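Next come the chains, spelled out residue by residue.
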Amino acid sequence: MILAPAGTISHPIEPRIDVFEVAGVVRSSFVDGPGNRYVLFLQGCNFDCTACHNPSTIGRCDGCAVCVDVCPHTALAVPVAGRILFDPSACDQCGDCRTVCPISADPTIRLRSVDAVLTEIRTVAPFVRGVTVTGGEPTLQLGALKSLFSRMGADPELGPLTRLVDTNGSLAPAGWHELLPVLDGAMVDLKSGTPQLHRRITRSEQSHVVASLHLLADAGKLAEVRLLLIEGVTDTDVELEAWARIVTAVDPGVSVRVMPFRHEGTRTAAREWPITGERAIERVVDRLRDLGLTGPFGA
Amino acid sequence: MTDIASSPLVIITSPRLSYRQRLTQLALTAEEAIDYPQLPAAARRAFETGLVSDLHEGHAPYRPRYLLPDYSVALKNGSEYLELEPPRDLREAVDFLQILYHHVPSITTYPVYFGDIDMLLLPYLDGWMSDEELDREITRLWRFLDRTIPDAFAHANIGPVDNRIARSVLRVDSELGQVVPNLTLKWDPETSGDGLLQAAADAIVAVNKPHIANHPMMSRDFPEGYGVVSCYNTLPLGGGSHTLTRLNLAESVARHEGEIDAYLTRTLPEHIELTFQVIEARIRFLVEEAKFYEHSFLVDEGLIHPDRFTAMFGIYGVAELVEGLLPGSRYGRDAEARDLADKVIEHISEAVERRELPHCRNGRAMLHAQSGISEDIGVTAGARIPIGAEPEIVEHIETVAHHHSAFSSGISDIIALDSGIRSNPEALVDLTRGAFDRGMREVTFNVEGCDLVRVTGYMVRLSDIEKLANEGSRINSTVLGAESVENWGLLGRLPRVVSVETDPRLGTR
């Protein structure tokens, strides 16, 4: 179910705990955590990573209307009360509006109620082991996220499904404490070893992420720590040593996934970096082992 | 009648055929020299013009198409005919079975069924045998099967009870990566346990085997027990099928003029009856003229029972039929097309239930969604969604699942997965659970990037196909796989899958 029909306002500013701003849904995925999973992609991220492979999920539309004139299908219209009107029946998904958006947002993003998401999860429940909420940064929509997970837990059919988030780890401790009772695990990106590099490639502070890793591990809910392998950037000796030091202090036996960097979907600035070579992941995993991490290491 | 045989001299001098392959071809050529069993004129025309096909079973059937001997009877009693005492330990039991297999025919001249291999051997497994020793014994058996029965239609079954031999089979089979035997896991969501299914999933991402059967659903259709053989043919244990004759639904609808109702009430029933007439003629020849069942020690010693043999009524081209009757619709994508497919399948299923056949289990044939042969160009196998038109995976499974119950002698839908699943085989466990929850009778996954690929039910090594053109192949079915590659673009379109069942021509064309 989509809340905003054609030609109506699709972007409220006020946070609402029963509504998600949804960038996309994959009903059946085997790359977002253990087993087959229903995956909900939320719009909006508080990091601005150079390597982001889905940059149009970063911003949340502020109604600037630069996109309105660019749209070749007149699917977008001048904002009312600062918000874009969108007619999905006229849209052919060309993506021009996302390309021109100065804040990496998406004016076509729709709202979806927690009820609607639960209904859709029910249609795939026998096929999946759990639900992964990712993004964007899922914890930015904490109210709706908490509502979704707690209602799943209370539902006889959905109760057995595991509830994971795929997060940048920026959520404050108070936020985690609200979410933890209804969360089964978090997969956290630790994007660099040193705070300096973190600032450079995410334009955000690393210390919050490290604090989240400790908090989640102490609660037994740190499902995985991920490193995006950008050769010559995140895999230098200094970086890998610092990365391993942080993770070892959290838990040397935590699951680790080293992910390849690809150009698909990235912005121009990221194209200067090389895509991850064939043997590089193996090499980095070996190095992390030498530095005291025991894995398991996912591919 | 269709002349598919080559001249004896061409066969004898064919540089790419082994001695044994030449022998089989010569036998086929001799059989083709006999007149086809007597058919009514309309049925003969339907057969000659490609509406009805017997999948090149030959003019004068002298053995059933598929036999599923109950090997446990012989293991228990020994065999008087073969002068064998009952085996006393695992190695003797394996030797015993190897001897038996040698004497079991089928349409390919080789056996298509090796039995529920774990259940057959479990009584001989001593507690002191280590997993390593057990794996060595299974490896010996597996090597024997692959090297002496070079035909990937030959099938071993395991499960539904989790046990050490089933686990060993999964380990050894995925380690060896052989074409033979093909493998089916019988799995019961209530009793088999996720551990066994997980072990199967780990094997699938390595070698695209096993195929997985919904055991509770199958058991309801076969109270006497069942086996899965060849390309997803589910048949009674201790029995089999005299013939697999199929109706081309794409051709059927092409011959129809008029509305949908007229098709269902007039044309379709007519074509169904023509198919039955070919089936009946073949059964009568096999049973009454060739008298196979009167001259087999397998019958005398209770490994097979004539009254457990059925006939398989095959259909294919459901997609083309629906899109022919409903121009502009897309089977697999819209509800209207799906509902019409259901209606057609229901009509055929009822006709198969009604039509009495001589010498058949319960006096009836069993409906089968036939998975195609290499020469089927432009007609989709069975009731599958056409290659390239499949919706996303859950919708794909749901679209095909709800007609699975009608096809009691088997239906194949192959779910293609990209190689990313290799790092998360748990997802295969979840998808299988979902598929069975939705009523799928059986499910097969084809994972991109394996050397061993499933052409339909049977397996082909891509590396063998590459070698075939120059060197020939010791495995008969490699030729069929190569034809599929050529006719269906298999290599270029992986992980999409094409379908072929069987064709006795081994490269003499």
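Everything quoted here is computed from the prediction, not taken from an experiment.

Student: What is the right way to read the packing of aromatic side chains from this model?
Tutor: The description of an aromatic ring pair uses the distance of the two centres, along with the angle that the planes make with each other. Residue and element names in this part refer to chain B. All chains considered together, the criterion is met by 11 aromatic pairs over all chains. Where Phe222 meets Tyr226, the ring centres are 6.3 Å apart and the plane angle is 35°; that geometry is what we call tilted. Take Phe222 and Tyr226: they sit in the same class, and that class is buried. Among the aromatic residues, those joined into a cluster by ring pairs are Tyr71, Tyr101, Tyr113 and Phe114. Over the ring of Tyr226 we find Lys186; its NZ or CZ atom is 4.0 Å from the centre of that ring. One cation-aromatic arrangement involves Arg246 over Tyr316; the distance from NZ or CZ to the ring centre is 3.7 Å.

Student: What's the story with the pattern of salt bridges in this structure? I'm lost.
Tutor: Between side chains of opposite charge, pairing is possible as soon as their charged atoms come close. This model, assessed by the stated rule, comprises 47 salt bridges over all chains. Here the salt bridges share partners, and the residues they tie into one network are Glu273, Glu280, Arg284, Glu288 and Arg355 of chain B.

Student: What am I meant to see in the sheet that holds strand β8 (residues 185–189) of chain A here?
Tutor: The strands making up a sheet are joined through hydrogen bonds of the backbone, oriented either antiparallel or parallel. Residues and elements named next belong to chain A. In space, the nine strands of this open sheet follow the order β5-β1-β2-β6-β7-β8-β9-β10-β11, with mixed pairing throughout. Of all the strands in the sheet, the pair left with one neighbour each is β5 (110–113) and β11 (297–298). Summarising the sheet, strand β1 (residues 19–29) and strand β2 (residues 37–42) pair through five bridges and their orientation is antiparallel. Directly across from Val25, in β2, lies its bridge partner Leu40.

Student: Just checking my understanding: could you explain the environment of Thr191 of chain B for this structure?
Tutor: Residue and element names in this part refer to chain B. The residue Thr191 is located in the loop between β5 (182–187) and α9 (194–207) in this model. Under the relative-accessibility criterion, Thr191 is labelled exposed at 60%. When the C-alpha atoms of Thr191 and Ala206 are compared, they prove to be 25 Å apart, with 15 residues separating the residues in sequence.

Student: Would you explain the sheet that holds strand β4 (residues 155–158) of chain B in this entry?
Tutor: Residues and elements named next belong to chain B. With respect to topology, six strands assemble into an open sheet ordered β3-β4-β5-β6-β13-β12, the strand pairing being mixed. Unpaired on one side and paired on the other, β3 (113–116) and β12 (414–417) mark the two borders of the sheet. For this sheet, the mean angle separating the axes of adjacent strands, direction not counted, is 20°. Pairing geometry for β3 and β4, over two bridges, is parallel. Across the sheet, residue Tyr113 finds its bridge partner in β4, namely His155.

Here is what the cut-offs are and how they apply
- Residues numbered from 1 in each chain as written.
- Chains lettered and ligands numbered in written order.
- Predicted model: local features only at pLDDT ≥ 70, side-chain atom pairs only at ≥ 80, totals over all residues.
- Heavy atoms only, no water.
- Phe/Tyr/Trp six-rings, centres within 6.5 Å; stacked < 30°, edge-to-face > 60°.
- Buried < 20%, exposed > 50% of the residue type's maximum accessible area, 1.4 Å probe, protein only.
- Lys NZ or Arg CZ within 6 Å of the ring centre and 35° of its normal.
- Salt bridge = Lys/Arg side-chain N within 4 Å of Asp/Glu carboxyl O.
- Pairing = 2+ DSSP bridges.
- Helix = DSSP H or I, 4+ residues; strand = E, 2+ residues; numbered from the N terminus.
- Axes fitted to C-alpha atoms, helices over the stretch in contact; angles between N-to-C directions.

Just distances and angles here, no functional claims.
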